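Results of the structural survey
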Amino acid sequence: GIPVPPWFCVSAKMYQEYIQRVSEDIKNILAELDFSNQQAVNQASSKIKGIICNLSLDPADLSSIQKSVQTLGARWYAVRSSALAEDSGKDSFAGQLDTYLCVTAEDVEARLKECWASGYGPRSLAYMNNRGINPSDSQVAVVVQTMLESSASGVMFTANPTGSLDETVIVAGFGLGEGIVSDQVESDMYIHDRVSQKWHLAINPKKSQIVRDPISGHGTTKISVDKSQQELAALSEEQRTELLDLSRRISSIYDHYQDIEWALAGEKLFITQSRPITTIPKGELSVFDNSNVVESYPGITKPLTYSHVRYGYEVLFRNSVIRIGVPRTLVFNNHQIFRNLVGYIDGRIYYNLGNWYRMFALIPGAKARLGVWEEMLGIEQGLRDTKRVKVSKPAVLRCTFNVLRYFLFLTPHFKKIKRDFTAEYIKFRSIKLSQLNNHELISLYQTIVSNMLYGWEITLFNDGYAFAFSGLVRSLLRKYGLSENLFGGLMAGEKDLESVLPVRSIVSIAQLTREHSDLLEWVSHQIEATSPMLDYSTLPNHKAGKELQDKIEKHLEDFGDRSLEELKIESVPFRQNPKALLELIQTYSRGTLTVEQMVAKETKIRKEALGAVNKKLRLSPIKRSLFNWVLGKARRSIRYRESSRLDRARSFGVARAIFTQLGTNLAAEGALDAPRDILYLSVEEIIGFISGSSLNRNLKFIIKERKNYENDYLSTELSDRIKTQGTTYLNSFPPRYPQHIRQAAQAGGDLSGIGCSTGIVTAEAVVVTDPKTVKDIEGKILVSQMTDPGWVFLMISAVGLVVEKGSLLSHTAIIGRELGVPTVVGVSGATLKIKTGDLVTVDGQTGSIKLAN
């Protein structure tokens, strides 16, 4: 059903029959050949070509070919070689064999033999020698096809060979396809993103084209494109869409991504060839997505952190599914799902999305709530082809009962895990790690991680309730005729939200130093001092000085693990670098912000949003009661969620402290060159090295190799979503911003995203790629690809937030609401289109972002 020009094939069997007649002559020539001598290769190839082209076809074979040519009845023909090994998973033979265009009927026999001979051409001989292929084993078929004198032609890939598997790529130029596939002529590129359903066009000047040679009447030649046509697109929008439809139909025929050649002749599109894209491995499809997880693990993450995180995901989600009521046998029969919930792509952490959907398929009723989960995590395109696992009716009832039971008793459960965690954390803080040997340290790590993870799955239940009730609040707003954008204001001003407490603590300290110039002078001296530790002995000897010391020490004790990239073991938090805390205090001291102002601003935003709801529902007490109940449950779960996030940062502080000491010990013992080299090892490698269960006793060799890899990773930015086929690491990974995306971002126009925190602000933008290097954000709009909880110390100085990643329940959204800062997340291409210094207007309610002309 695909439009293909009429054709016939001279089979590889016929090729073998005729080559067999001269095989001894060919073998003798090849036996003496020195492949390192190009001149010798050329001479050998020429001799073999002469032998093959002088073969006489049997009368019956020649008659059969001539009859087939007559049946086609074309004016000209394309005689195309096709090796049976061509485009195999191992060998592509791309461009190695010859094809002849615009061939007359009389010349088909001669061109057929030349196609056969091209199997021994200089390029083919060199290619086969390099690939370890015996030329005598080659099998060459020849396709004879009606020649199309195309006005435009090109290639189409059903996946981008150098980028996303979600992209269809069309390359188009004027004239015959020979010019495009051999890069002899200029061409356009049209990329269709199947996720966003958008086209990205690169229309280039096309000065030349390959056409049938008008002088000889056959063969091809290169000529200029008429000047009036050079700037035009080779394909119209309608023709692009028709090709896209053809690509879908062809994709349904084959089980792998296709490299398709096409031609436009007489306003009709034809497909002249389709073959597998050999650079993309075959096998199972995997989808890696960094939605939500990139907030916690932006950029490159060290191997030690990844191995710690991977185990945490495995245990927590496995325990959660069991606690819901899914049978243990079913869970452990699917253990690979839980072991691979997160992937590690070129040093970055991604969700292995397929495994998340497979996990949800184990849970009765989970499929119906996937849309809410996707929206809350900011997943643009979910997966819907995962088969649901059959579960018995008693299991369905058990799961439903457990979900309701944990919801009804969420508060006592949450308070219990909070108490248990706090007790474990306090006990750990009393241990002098420097007095423990390596075996004691890994034993402590295993014990404390086990204790902290046990029961922590309640926080995941709470996350589920947060997603569900937040989605329900927005649904009720729509149902009652109110704007969904009120959601941000309704969630603001939550009393004692733990994620805001560290900021309030620093603002409180800054207030104190602002009021006493001698305290501010002490802070400046400490920042400039060479000692890494704070010297309280030089503090001014008065009541405010003692108060400052108490406040700093309390902040370090309570919030010392909250910092930039706090969930990375390689990060250096305030607890280990108190001078960084003083730098923040110094910055905030220059401003006028007070804790009282923060609270008042948050309260006002919340009051205004509630006022709008109450006014709308003033005559509907039942609706108002229902709405307030749902709103209360959403607030409760968000409050618990932020509390658990702070404790999660503390748990990473525990792991960081243990491995910091292990690094110090191993470096002192000569196993490492430097203490922080331990960050390049996995937890399993460290434990195995110490306990005697490792497969490699040379840690320095592993570390050196991984440092080299990291240097390569640092030079690239990867896409937020990566599709792979077959063996993951045999795929190429698309960049975050391919050239066509960058070009689209320069095209101008306003931006939009998800409005999370009400308010409109116009100010200068600051694009932040590395928060550690930002010095001046006061009164400006912070623009970034993503944020993590530690960015809160930057956010407080900003008057607006614009972030490419995120959702309504992302940390950026929650903190933006609590700080009363207009916030928009999920703004695709924000850091490309907005430049530092641009004047930007941000509407935190509607999600619109306007750039000044």
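Here the structure is shown first, and the text comes after it.
Notes on the structure in this doc start here. (Residues numbered from 1 in each chain as written. Predicted model: local features only at pLDDT ≥ 70, side-chain atom pairs only at ≥ 80, totals over all residues. Heavy atoms only, no water.)

**Some remarks on the overall build of the chain**
Selection criterion: The helix count covers DSSP runs of H or I at least four residues long, the strand count covers runs of E at least two residues long, and both are numbered beginning at the N terminus. Burial status follows relative accessibility: with a 1.4 Å probe on protein chains alone, a residue under 20% of its type maximum counts as buried, one over 50% as exposed, and anything between as partly exposed. What makes two residues a contact is simply this: any of their non-hydrogen atoms within 4.5 Å.
Per the secondary structure count, the chain includes 31 helices and 24 strands. Each of the three principal axes of the chain carries a C-alpha extent, and together these read 110 × 70 × 65 Å. Burial statistics for the chain: of 853 residues in total, 55% are counted as buried. In the chain, of all internal contacts separated by at least 6 residues, the share reaching a separation of at least 24 is 70%.

**Some details on the environment of valine 293**
Considering the arrangement of structural elements, one finds valine 293 in helix α9 (residues 293–296). Take valine 293: its relative accessible area is 1%, and that puts it in the buried class. For valine 293, the contacting residues outside a window of four places in its chain are Tyr313, Ile349, Tyr350 and Tyr351.

**Here we look at helix α8 (residues 237–253)**
Heads up, the condition is: Expected helix span is given by 1.5 Å per residue-to-residue step, counting one fewer step than there are residues. The arc in question is the one traced by the directions running from the helix axis out to the C-beta atoms.
Between its terminal C-alpha atoms α8 stretches 25 Å, which fits the 24 Å expected from 17 residues at 1.5 Å a residue. Every buried residue belonging to α8 is among Gln239, Arg240, Leu243, Leu244, Leu246, Ser247 and Ile250, and all of these are buried. In a view along the axis of α8, the buried residues occupy a sector of 165°, so they form one face of it. Facing away from the buried side of α8, by more than 90 degrees, are the exposed residues Glu237, Glu238 and Ser252.

**Regarding the packing of aromatic side chains**
For any two aromatic rings, the description comes down to two numbers: the centre-to-centre distance and the angle of the planes. Rule in force here: Pairs were defined over the aromatic rings of Phe, Tyr and Trp, the Trp ring being its six-membered one, requiring ring centres within 6.5 Å. Orientation was assigned from the angle between planes: stacked under 30 degrees, edge-to-face over 60, tilted for the rest. Should the NZ of a Lys or the CZ of an Arg lie within 6 Å of a ring centre and within 35 degrees of the ring normal, that charge is described as sitting over the ring.
Going through the model one piece at a time under the given rule, you end up with 19 aromatic pairs. With 4.9 Å between their ring centres and 65° between their planes, tyrosine 406 and phenylalanine 461 make a pair best called edge-to-face. Within this pair, whereas tyrosine 406 is found in helix α15 (residues 393–408), its partner phenylalanine 461 is found in helix α18 (residues 457–479), the two being separated by 55 residues in sequence. A single burial state applies to tyrosine 406 and to phenylalanine 461, both of which are buried. Sitting over the ring of tyrosine 190, arginine 240 keeps its end group 5.5 Å from the ring centre.

**So, the side chain of threonine 728**
Here threonine 728 shows up in the loop between β16 (721–725) and α28 (739–745). When its relative accessible area of 19% is taken as the criterion, threonine 728 is described as buried.

**Topic: the nonpolar core**
Cut-off, in case you're wondering: Here the nonpolar core consists of buried residues drawn from Ala, Val, Leu, Ile, Met, Phe, Trp, Tyr and Cys, with membership extended through side-chain atoms lying within 4.5 Å.
If you look at the biggest cluster of nonpolar residues, it comprises 155 residues, and the most contacted ones within it are Trp373, Val473, Ile552, Phe627, Ile658 and Phe659. The element best represented in this core is helix α25 (residues 621–668), accounting for 15 residues. Beyond its immediate sequence surroundings of up to four residues, isoleucine 658 is in contact with Phe428, Leu433, Leu441, Leu444, Tyr445 and Ile448. Grouped together as the second largest cluster of nonpolar side chains are 37 residues, Leu57, Leu72, Tyr120 and Leu125 included.

**Overview of the sheet that holds strand β1 (residues 7–10)**
Note the threshold: In short, DSSP must find at least two bridges between two strands for them to pair. Lines are fitted to the C-alpha atoms to define the axes, a helix being fitted only along its stretch in contact, and any angle between axes, read from their N-to-C directions, falls within 0 to 180 degrees.
The four strands are arranged β1-β4-β2-β3 in an open sheet whose pairing can be described as antiparallel. Where the open sheet ends on each side, the last strands, each with one partner, are β1 and β3 (99–103). Along the sheet, successive strands turn relative to each other by an average axial angle of 20°, direction set aside. Bridge analysis of strand β2 (residues 77–83) against β3 gives three bridges, and the strand direction is antiparallel. Bridged to tyrosine 77 within β3 is valine 103.

**Quick notes on the sheet that holds strand β17 (residues 751–752)**
With respect to topology, eight strands assemble into an open sheet ordered β17-β24-β23-β19-β20-β21-β22-β18, the strand pairing being mixed. Every interior strand has two partners, whereas the edge strands, β17 and β18 (754–757), have only one.

**Section: the environment of asparagine 42**
Inspection of the secondary structure puts asparagine 42 in helix α3 (residues 38–53). Along the primary structure asparagine 42 and glutamine 511 are separated by 469 residues, whereas in three dimensions their C-alpha atoms are 83 Å apart.

**Concerning the pairing of strand β13 (residues 285–289)**
The element β13 is largely enclosed, with a buried count of four among its five residues. Relative to β16, β13 runs antiparallel, the two being bridged by five bridges. Across the sheet, residue valine 287 finds its bridge partner in β16, namely lysine 723. In terms of strand pairing, β13 meets strand β15 (residues 348–352) through two bridges, oriented antiparallel. Bridging from a neighbouring strand, phenylalanine 288 pairs with asparagine 352 of β15.

**Some words on the state of the cysteines**
Basically, it comes down to this: In this description, the term disulfide denotes a pair of cysteine sulfurs within 2.5 Å.
Under the defined criterion, the tally for this structure stands at zero disulfides. The structure places no disulfide on cysteine 115, whose sulfur is separated from the nearest cysteine sulfur, that of cysteine 53, by 9.7 Å. By relative accessible area, which is 0% here, cysteine 115 ends up buried.

**Description of the pattern of salt bridges**
What counts, and what does not: The term salt bridge refers to a pairing of a side-chain nitrogen on Lys or Arg with a carboxyl oxygen on Asp or Glu at a separation within 4 Å.
Under the criterion given, the structure shown has 38 salt bridges. One salt bridge in this structure joins glutamate 498 and lysine 418, with 3.2 Å as the shortest N-O distance. Placement of glutamate 498 in the loop between α19 (486–491) and α20 (501–515) and of lysine 418 in helix α16 (residues 410–429) is noted, with a sequence separation of 80 residues between them. A relative accessible area of 17% places glutamate 498 in the buried class. When its relative accessible area of 21% is taken as the criterion, lysine 418 is described as partly exposed. In the salt-bridge network here, residues are joined through shared partners; they are Asp166, Asp289, Arg721 and Lys723.

**Digging into unusual backbone geometry**
Positive phi, normally seen in glycine, also occurs at glutamine 197, with a value near 60°. Take glutamine 197: it is sitting in the loop between β7 (188–193) and β8 (198–202). Not every positive phi belongs to a glycine, and asparagine 292 is a case in point at roughly 70°. Topologically, asparagine 292 is positioned in the loop between β13 and α9. Residue classification places asparagine 292 among the buried positions, given a relative accessible area of 14%.

**Topic: the side chain of aspartate 647**
Turning to its location among the elements, aspartate 647 is positioned in helix α25. Among all residues touching aspartate 647, those that are not within four sequence positions of it are Lys418, Phe421 and Trp456.

**Some details on the packing of α20 against helix α22 (residues 543–559)**
Which entries qualify depends on this criterion: Orientation is classified from the angle alone, with under 35 degrees giving roughly parallel, over 145 giving roughly antiparallel, 65 to 115 giving roughly perpendicular, and any other angle giving oblique. A clockwise turn of the near helix away from the far one marks a right-handed crossing, whereas an anticlockwise turn of less than a right angle marks a left-handed crossing. Polar here means any residue other than Ala, Val, Leu, Ile, Met, Phe, Trp, Tyr, Cys and Pro, which are nonpolar, and Asp, Glu, Lys and Arg, which are charged; Gly is therefore polar.
Interhelical geometry of α20 versus α22 gives an angle of 165° and a closest axis separation of 10 Å. Our classification of the angle between α20 and α22 gives roughly antiparallel. Here the hand of the crossing between α20 and α22 comes out left-handed. The segment α20 lies against α22, with Leu501, Pro502, Ser505, Ile506, Ser508, Ile509, Leu512 and Thr513 engaging Ala544, Glu547, Leu548, Lys551, Ile552, His555 and Phe559. The class makeup of the residues in the contact of α20 with α22 is nine nonpolar, four polar and two charged.

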